Amino acid sequence: MEQQRLDKIIASTGKWSRREAKELARLGLVTVDGRAVCSVEEKFDPEAARIFVNGEALFYRRYTWIMLNKPAGYLSATEDGRGKTVLDLLPRELRRQELFPVGRLDKDTEGLLLLTNEGGLAHALLSPKRHVDKVYYVRTVGRLTEEDRRAFAAGMSLEDGLQCLPAGLEILAAGEESEAQVTLREGKFHQVKRMLAARGKPVTYLERIKMGNLPLDRGLSRGAFRFLTEEEIAELRVLV
Ligand code: URA
């Protein structure tokens with residue numbers, strides 16, 4: 001692989017900033033192939049070099065995969081002239097990595113959002129042909145019923161022209177306000193809201209809780225993120 005500056009390689013892990021990398025190297029705490037490297041301007045092949053930072057082996061990944069617990073109020077976009085985007089929730093080192101959201105959540109939707117710079121796998125996961133399940137927790141105005149569940153399961157045709165694949169509606173609580181879990185095998189614009197509005201049960205709250213076999217990590221507070229593990233990334237690959 002092409003050689004890169006040592007501080008860039010270290011910062012790409014998201015664990016240390018470039019400034020911290022420089023300071024650690026100055027203190028002799030960064031070694032490459034057994035040699036202490038004091039200047040982070042030196043370049044190495046990140047896939048071939050054995051790098052230790054502060055005694056910890058650096059595990060270089062060509063691509064970054066992040067799970068974010070998206071809060072309401074942020075756009076699933078990489079830039080927006082007016083509002084905050086989900087990238088504003090990441091540290092500067094990660095913002096430099098050309099990450100983009102894997103699919104979109106509405107501005108007011110919360111929960112699981114993946115971000116990556118691995119275009120191939122991201123696009124495969126989003127492809128309409130793959131039917132990767134997305135699971136949402138939803139609250140609605142009005143009582144959800146067995147009829148609603150059957151309409152979802154049959155595949156709804158909306159008046160606005162949207163033809164939906166069969167979807168899951170598991171009713172968790174039914175009353176003046178209802179709660180449910182919705183499982184979609186596709187991801188059309190505002191789809192959950194449109195399907196429930198068509199049933200006369202407008203959505204008051206929406207949270208994505210699962211994508212494929214990857215559940216939202218409940219250890220992440222709203223607005224927090226973590227890197228996906230190697231196993232989690234491998235499971236995403238299996239889906240496509
Ligand atoms: N469906 C919606 O209506 N909004 C989302 O953000 C995701 C799915």
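Everything quoted here is computed from the prediction, not taken from an experiment.

*Asks:* Lay out helix 6 (residues 191-198) with the relevant residues and their values.
*Replies:* Taken together, the buried positions of helix 6 are occupied by Q191, V192, M195 and L196. Angularly, the buried residues of helix 6 cover 120° about the axis, an arc narrow enough to put them on a single face. Buried residues along helix 6 sit against strand 10 (134-141), helix 5 (146-154), strand 12 (177-184) and strand 13 (203-211).

*Asks:* Break down the pattern of salt bridges for me, citing the residues and quoting the values.
*Replies:* Applying the stated rule across the entire model yields 22 salt bridges. Notably, a salt bridge pairs E110 with R222, separated by 3.1 Å at the nearest N-O pair. Of this pair, E110 sits in strand 9 (residues 110-116) while R222 sits in the loop between strand 14 (214-215) and strand 15 (225-227), and the two are 112 residues apart along the sequence. Accessibility expressed as a relative area gives 35% for R222, which makes it partly exposed. Between R199 and D148 there is a salt bridge; the shortest N-O distance is 2.7 Å. Of this pair, R199 sits in the loop between helix 6 and strand 13 while D148 is found in helix 5, placing the two residues 51 residues apart along the sequence. For R199, a relative accessible area of 26% translates into the label partly exposed.

Rules used throughout
Residues numbered from 1 in each chain as written. Predicted model: local features only at pLDDT ≥ 70, side-chain atom pairs only at ≥ 80, totals over all residues. Heavy atoms only, no water. Buried < 20%, exposed > 50% of the residue type's maximum accessible area, 1.4 Å probe, protein only. Helix = DSSP H or I, 4+ residues; strand = E, 2+ residues; numbered from the N terminus. Arc of directions from axis to C-beta. Contact = heavy atoms within 4.5 Å. Salt bridge = Lys/Arg side-chain N within 4 Å of Asp/Glu carboxyl O.

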